[in-house]
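Here's the letter readout for the chains.
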Amino acid sequence: MEMKVSSIGMSLRLERFFLSGRPLRTSSISTSSSQLFPRKCSVIARNLSGLEEFMQNKRLREKRPLKSKKKRLSLRKGQVSPPLIVPENIPRPPYVGMELPEVSGEIQVHNSEGIARMRDSCRLAAQVLEHAGTLVKPGVTTDEIDKAVHEMIINAGAYPSPLGYGGFPKSVCTSVNECMCHGIPDSRPLKDGDIINIDVTVYLNGYHGDTSKTFFCGDVDESAQRLVRVTEECMMKAISICKAGAGYKIIGQTISEHAEMHGFNVVEIFVGHGVGKVFHSEPLIYHRRNNRPGRMVEGQTFTIEPILTTGSTKEVMWDDGWTALTADGSLAAQFEHTILITRSGADILTKC
C-alpha cells in the first residue's frame, strides 16, 4: 500500500515499516520540515514498533501447528454378548418369550394404588439411570453399562423391561452419537467426546417405569452440548404445559417451536406412549407439530421423549432390527420422563 503525505512531501510504503520498523525515508524535505521530522519520526516509530511486535507474534502463532478438531468416526457395531439371566423368582412382563406385542389401545388411568405402584417403579428407574450415568467414561463399554443396570434392577426385585421385548437382547438401550434410539449394548468402548442416551425401564410390582437421559463422555464439544441442553429443555417445556383437559397436540407444538428456535430438528417417527401395567399403550405422543385428537385425563401416565438432531430426521436401521441411526450421520439426543397427569399440571414420576 502506498500512501502520500503532501504536507511534508514524502512517500511511504507502510508494509515495509510494519515488517521492518526501520525509520521512514523522505524526499525533497525543506529546512523547516527537516527540523520537525526527526521528532515526528521517532513518535511514529515508537507507536508502530508495537504493531511490529504484534505482527511478529501473529506470524509465530500462524506457524504453530493448529490443534485439529477431533473427527468423530461413524458408529460401528461391536460384539453383542448373550442376554443376562433374571432370577426365576422375579415376575416377568407377559410379553417375555412372545413376538413384538401390539400397542394397547387403552389409555392407562390409575387409582390411588396404581399411582403408588407407578411412583415406586418410576423412582427405581430414575435411580438406576442416575447410577448408569456415573459409569459413562472413555473406555467403558456399553455392555458394561448393561451389566451394571441389569444387576441393580434385579437386586431391587424388578425386571428390566427391554429384555425380551420383541426379542430385544439386552436390559437397557444405549444410543451413542448418531444413534437416535434403541441402541443395543455391545463391546464398543465409549470414546472421549461421545454423547450417549441411556434408556432405562423397569417392571416392578406389575408396573413399568420408563426414563432416559443423554450423558456426556469426557470432553464433549460445544455444539453437542448445546444439542443435549436444548433437547432436555424441549422435554421440560412440554411437560410444563400438560394438565387434565389439555390437548396432546400441544406437546409437539411446544417441542417444535423450541427446537426450531435453536436450529435443531425433531424426529417424528419415534413417539412417546402410555405406560403403566402395559409397557406401550395409547396415547401416542407425537413430538413434532400435529393435529392428533385427544385430551389428557387426570390420573393417566405417559412418556414424553423427544429426539432432536443436528441434521436429518430420517432414520436408517441396522440389520439387528432395533438400532436406528440418523440417515446423514448427524448427532442425535433424547430425554424421557414418565409423567402423571393431575388436575392442575403434570407430576414427573421418574425423578430421584
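This one's a predicted model, so the numbers in the text were calculated from it and none came from an experiment.

## Some points on the UniProt feature "binding site: substrate" (unreviewed entry) in the protein chain
At step 1: Look at the UniProt record and you will see "binding site: substrate" (unreviewed entry) annotated at His182 and His280.
At step 2: Checked against the element boundaries, histidine 182 lands in the loop between β5 (179-181) and β6 (195-204).
At step 3: In contact with histidine 182, other than residues within four places in its own chain, are Phe168, Cys173, Ser175, Phe270, Trp322 and Thr323.
At step 4: Inspection of the secondary structure assignment puts histidine 280 in the loop between β9 (272-274) and β10 (281-285).

## Notes on the sheet that holds strand β12 (residues 307-309)
Picture the strands of a sheet paired through backbone hydrogen bonds; they go either parallel or antiparallel.
At step 1: The strand order across the open sheet built from 3 strands is β8-β12-β15, with neighbouring strands paired in antiparallel fashion. With partners counted over all chains shown, the strands left at the sheet margins are β8 (265-266) and β15 (332-334), one partner each.
At step 2: Bridge count between β12 and β15: 3 bridges; the pairing is antiparallel. Looking across to β15, one finds that isoleucine 307 is bridged to glutamine 334.

## Quick word on the sheet that holds β5
At step 1: A sheet is described by the order of its strands in space; here 3 strands give the open sequence β5-β14-β13, paired in antiparallel fashion. The open sheet is flanked by β5 and β13 (315-317), the only strands paired with a single partner. Each strand axis lies, on average, 45° off the axis of its neighbour in the sheet, ignoring direction.

## Quick notes on the pattern of salt bridges
At step 1: Per the stated rule, a full pass over the model turns up 12 salt bridges.
At step 2: Arginine 123 is the salt-bridge partner of aspartate 120, the closest N and O atoms lying 3.1 Å from each other. Separated by 3 residues within a single helix, aspartate 120 and arginine 123 lie in helix α3 (residues 112-134), roughly one turn from each other.
At step 3: Judged by relative accessible area, which is 36%, arginine 123 ranks as partly exposed.
At step 4: For the salt bridge of arginine 288 with glutamate 268, the shortest nitrogen-to-oxygen distance reads 3.3 Å. Residue arginine 288 is found in the loop between β10 and β11 (301-304), and its partner glutamate 268 is found in the loop between β8 and β9; the two are separated by 20 residues along the sequence.
At step 5: Each of Asp143, Asp146, Lys147 and Lys170 takes part in a single network of salt bridges with overlapping partners.

Rules of the game
- Sequence positions are assigned chain by chain, starting from 1 and proceeding in written order.
- Restriction of local features to residues with pLDDT of at least 70 applies here, the model being predicted, together with a cutoff of 80 or more for giving and counting side-chain atom pairs; totals for whole chains, interfaces and linings are based on all residues.
- Heavy atoms throughout the structure, all of them, feed into the side-chain values; hydrogens and water do not.
- UniProt positions are given in the numbering used here, feature names are shortened, and annotations may be inferred rather than shown by experiment.
- Strands here mean DSSP runs of E at least two residues long; helices mean DSSP runs of H or I at least four residues long; both are numbered from the N terminus.
- In what follows, a contact means two residues having at least one pair of non-hydrogen atoms within 4.5 Å.
- A pair of strands counts as paired when DSSP detects no fewer than two bridges linking them.
- Simply put, an axis is a line fit to the C-alpha atoms, just over the touching stretch for a helix, and the angle between two N-to-C directions goes from 0 to 180 degrees.
- The working definition used for a salt bridge is a side-chain nitrogen of Lys or Arg within 4 Å of a carboxyl oxygen of Asp or Glu.
- A simple rule labels every residue: compare its accessible area, found with a 1.4 Å probe on the protein chains alone, to the largest value its type can have, and call it buried under 20%, exposed over 50%, or partly exposed in between.

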